[in-house]
Amino acid sequence: MTWTLLDRCCDRCTHSVENPCKDYVECRLNGPLCHEDERCRELRRRRLEELAYGEKGAKIKVPMASCTLAMGSEAVYNAVLEAVEKLGVEATVTISGCYGMDFIDPWVEFSAKGMPTAIYARVRPADVPKLIESYFIKRDVSGAFALKERTGGALGEEKVPLLSELDFWRKQYKWVSRNCGVVNPESLEEYVASGGYRGLSKALKVGPERVIDEIQKSGLRGRGGAGFPTGLKWKLARQQPATPKYVIANADEGDPGAFMNRLLAESDPFRIVEGLTIAGYAVGASQGFIFVRAEKPMMAKRLRRAVEEARKYGLLGRNILGSGFDFDIEVILSAGAFVCGEETAMIAAIEGKRAWPRQRPPYPAEKGLWGKPTIVNNVETLAHAATIMAEGAEKFAAVGTERTKGTKMFCVTGNVKRVGAYEVPIGVSVRYLVEELAGGPPDGSKIKAVQIGGPSGGCIPAALLDLPIDYETLQGAGAIMGSGGIVVMTEDTCMVDAAKFFLTFTSAESCGKCVPCRVGLRTMWNILDKITRGEGTEEDLHTLRQMAETVRSFSLCALGGTAPNPVLSTLRHFVDEYMAHIRDKVCPAMVCRALIAYRIDEERCIACGQCAMNCPVSAISRVESGKYRIDKEKCISCGICFAVCPVKVITKVPRGSLGGGHA
Amino acid sequence: MEEKGAPPNPDELFRGLQRAPHNLIEALRRVQAHYGYLPLEGIKMAADYVGVPLAQAYGVATFYHQYSLEPLGKYRILLCMGTACHLAGNRLNAEFLRSLLGLKPGQKTTSDMLFSVEEARCFGCCGLAPVVMILKPDGTNEIIGRANPRSLRAAVERYRRLERGGSG
Ligand SMILES: Cc1cc2nc3c(=O)[nH]c(=O)nc-3n(C[C@H](O)[C@H](O)[C@H](O)COP(=O)(O)O)c2cc1C
Ligand code: FES
């Protein structure tokens, strides 16, 4: 067995899980502290070098996160194992999390002493032997996507940009996501080597009050959406006389389009575990839970493993680091219900009940799990807390806005060149994220709207892209920062359809406990559906607004309270599009099925028959010329032919332009 | 592998789970993995194990999307209905699959019990929209990114072949 940083260096070290040393964490990197021995120091230095370049001086990293796995990183991993064997390359092969740059998935990273670390993008298993050969044998990096540094030790270095020169990297501020894609998420040793657990170590030395002071001083606000000051929340729970107390990490990331929590938990799970432990210490809890969303089981897997590792080394359990503090964590994987993300619903779910939210106050800090003082924090909030305790409040607060300090992770998806998760200081503009980082729409098309904050957020038009993103600023425009999901929409998105989409989501996810949300959202959905079918009236818009206000004001929890936002914001910024559906019976984006039809350009049709074969209602048949034609009486405008046509000769036309003669 | 459908031994099924209500969600998941769905006897077993009333466990079983009170297909095809996937056309993929598999409105599972088509929530892989996940009987899954009618037809045919030629 190789000696790891987590092990004792020699017999003079008295640390053990049963009899822990309070300087254990500090001693890993800068020790030994209790005795002086150059050999023990050297042991650490050598191990740190091994972690960076592998035991054999060469290292290959393959990311294993849901996103990279979906792009085939497991096959790439196997190809790597096979290739190093075949080529006789002496390299350590390890896994990592993900950098958050979905557009280069699956990627691999090579490093070797004396050579620049190189990242290769969109790697196919078949490419792997060639890549390994050129890097490790020919010492040639010219095929790489980016380099981490320049050493002058490899061929072709000048042809490849440095990662730190590329906009989407350079313009980020990596604080809480610093380890994502960098460390092996299953290795506590790598987390500690990267500075992990210094926060907890320090917290246990200064005591709970000073931890809370430090978090309050940092100005950290909850990253789960509402932006409640974290230090204050902890303080309120701490002041409660009732015991026991509980702390819960909210990993129920449910907003479609938001995956920053998944990325963090899959790539740097120990930071979350450390943050929750610090929270537990600060409020005086001895049990923590992490509640993970059903659709993201890999988060649960990584977090469970992290909890086990932390336990094994005494970073969870009894008398943590000799402080007298006992604390443990359980990871719960949900079975799928959006409302579980709401804190009181989450508490009910953990109690083994139906996840129904309840009226607040009393807030969980006073009466939460099993009626006891409980804090619920988003996982990114907790990871920030761990980082703040390690790095200090000032450093955290050095960026951000007057009201909101620090950074936040955002996910930009939809019609952009570089879908990904980006960490930036709070207060940058929407444009900064969607254009400078994500690269804007791919095909030169124009941004029409940006949806921010998921189903509780809203759509803002392109004209407002320069708004800074903060909890409060977007509200004026009808959106919210929320969890930080940003979906970019171009001309081919119908805003009425988009509003209907979000209502489909929220009405299906309404838990059914209160009437305004359960019935109101359904009624609103019906009106939108009518409009998208071309049967709406101007009166409907009035009713829609009224219903929206009712649902907003009288719902029990924020699910209903915010669900009307997508409708209200589109009504406010895109009312013309609603009117086109109502007055002209036209869907300008050519999305709403009842208002469009399809036509085959017989000139260009190659008579392959794909459309006819896939038509669910047999509306397409062969005509004399051998080409295909759509029977408009039978056609249900489903669009399958449009999607399968290999030569793209099927076009959408307004429904009215076909039979009616007014083309 | 243990044969599905036979009543399991609770101690084995719930191995490692503390008998506490916070484990109800997990206990039900294991019951579903065993039977392929949640029969009443299985819900009762989970309820007894974690120590909550059957009525409460039943309420929970009907609350979450991932539980099913009726048997599902051997291959569960989940289509993401998140924002990015909606915009990228997964609704159309769903319709295509349903028509390909001959499912009537309201019908989830093919009559030969081979496939179910279900809508799911965002998998957090929005960069690959539209995303389809196929849950396989051995508990693993296949994720199809940038799914389209052609790749879906190919996947369905692949599993059909596997079933015809394979161990069944
Ligand atoms: C319907 C609904 C869904 C929510 N989903 C989440 C979620 O997925 N993650 C999260 O951290 N907070 C979510 N919240 C907010 C939580 O109730 C709570 O405010 C948050 O976890 C507090 O943590 P923070 O202070 O660290 O942000 C949701 C709220 C509502 C009303
Ligand atoms: S929207 Fe489909 S994976 Fe996120």
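Residues numbered from 1 in each chain as written. Chains lettered and ligands numbered in written order. Predicted model: local features only at pLDDT ≥ 70, side-chain atom pairs only at ≥ 80, totals over all residues. Heavy atoms only, no water.

A. Up close: the overall build of chain A. The secondary structure content of chain A amounts to 25 helices and 18 strands. The globule rule puts the C-alpha radius of gyration for 663 residues at 26 Å, and the 28 Å found for chain A is close to it. Considered along the principal axes of its C-alpha atoms, chain A spans approximately 95 × 65 × 40 Å. Looking at chain A as a whole, 60% of its 663 residues qualify as buried. Considering only residue pairs separated by 6 or more positions, chain A has 69% of its internal contacts joining residues 24 or more positions apart. Accessible area of chain A: about 25000 Å², with a carbon and sulfur share of 51%. Positive and negative side-chain charges in chain A, numbering 86 and 79 respectively, have mean positions lying 2 Å apart. (Helix = DSSP H or I, 4+ residues; strand = E, 2+ residues; numbered from the N terminus. Rg over C-alpha atoms; globule rule 2.2 N^0.38 Å. Buried < 20%, exposed > 50% of the residue type's maximum accessible area, 1.4 Å probe, protein only. Contact = heavy atoms within 4.5 Å. Areas by Shrake-Rupley, 256 points an atom, 1.4 Å probe, with all protein chains shown as cover. Lys, Arg positive; Asp, Glu negative; His and termini not counted. Charge placed at Lys NZ, Arg CZ, Asp CG, Glu CD.)

B. How the structure looks around the domain arrangement of chain B. With domains assigned, chain B is organised as domain 1 (10-63) and domain 2 (75-163). On a C-alpha basis, the centres of domain 1 of chain B and domain 2 of chain B stand 28 Å from each other. (Domains from an automatic or database assignment.)

C. Spotlight on the site of ligand 1. Residues and elements named next belong to chain A. Not every one of the 18 residues close to ligand 1 is listed here, only the nearest: Gly 224, Asn 250, Asn 377, Asn 378 and Thr 381. Gly 341 is positioned with one of its backbone polar atoms (N or O) 3.1 Å from a nitrogen atom of ligand 1. Between an oxygen atom of ligand 1 and a main-chain N or O atom of Glu 343, the distance comes to 3.0 Å. For ligand 1, whose free accessible area comes to 610 Å², the fraction covered by protein is 89%. Mapped onto the shell around ligand 1, the elements with two or more residues apiece are strand S9 (374-378) and helix H21 (558-562). (Near = heavy atom within 4 Å. Polar contact = N/O pair within 3.5 Å; in protein donor to acceptor, adjacent residues only side chain to side chain.)

D. Highlighting helix H18 (residues 495-509) of chain A. For H18(A), spanning 15 residues, the distance from its first C-alpha to its last is 21 Å, which sits close to the expected 21 Å at 1.5 Å a residue. For H18(A), the tally of buried residues reaches 13 of 15 residues, placing the bulk of the element in the interior. (Expected span 1.5 Å × (residues − 1).)

E. Up close: the sheet that holds strand S14 (residues 485-490) of chain A. Residue and element names in this part refer to chain A. The mixed open sheet is built from five strands, whose spatial order is S11-S10-S14-S12-S13. Of all the strands in the sheet, the pair left with one neighbour each is strand S11 (420-425) and strand S13 (458-461). The sheet shows a mean angle of 30° between the axes of neighbouring strands, direction not considered. Here strand S10 (residues 407-414) pairs with S14 via four bridges, running parallel. When the bridges of S14 are listed, Val 412 appears paired with Ile 486. Contacting S10, S11 and S14, helix H11 (residues 260-267) crosses the sheet at an angle of about 115° to S10. (Pairing = 2+ DSSP bridges. Axes fitted to C-alpha atoms, helices over the stretch in contact; angles between N-to-C directions.)

F. A look at the pairing of S10(A). Residue and element names in this part refer to chain A. Burial analysis of S10 places seven of its eight residues in the buried class, which makes it a mostly covered element. As judged from the six bridges shared by S10 and S11, these two strands associate in the antiparallel manner. Its bridge partner lying in S11, Phe 410 is registered against Tyr 422. With antiparallel pairing between neighbouring strands as the criterion, S10 and S11 make up a hairpin whose turn holds five residues.

G. Quick peek at the nonpolar core. All names here are of chain A. Judged by nonpolar contacts, the single largest core of 125 residues is most densely connected at Tyr 197, Trp 234, Val 273, Ile 290 and Leu 433. With nine residues, helix H12 (residues 269-283) is the largest single contributor of residues to this core. When near neighbours in sequence (up to four residues on either side) are disregarded, Val 273 contacts Tyr 197, Ile 290, Leu 303, Ala 306, Val 307, Ala 310, Leu 316 and Ile 329. (Core = buried A, V, L, I, M, F, W, Y, C linked by side-chain atoms within 4.5 Å.)

H. Up close: the interface of chain A and chain B. Counting from both sides, the interface comprises 59 residues of chain A and, opposite them, 40 residues of chain B. Carbon and sulfur atoms make up 59% of the surface buried where chain A meets chain B, a total of about 4100 Å² over both sides. By the criterion of area lost to chain B, the three top residues of chain A are Glu295(A), Ala335(A) and Phe501(A), representing 14% of everything that side buries. For the pair chain A and chain B, the interface holds two salt bridges. (Buried area = accessible area lost by both parts, 1.4 Å probe. Salt bridge = Lys/Arg side-chain N within 4 Å of Asp/Glu carboxyl O.)

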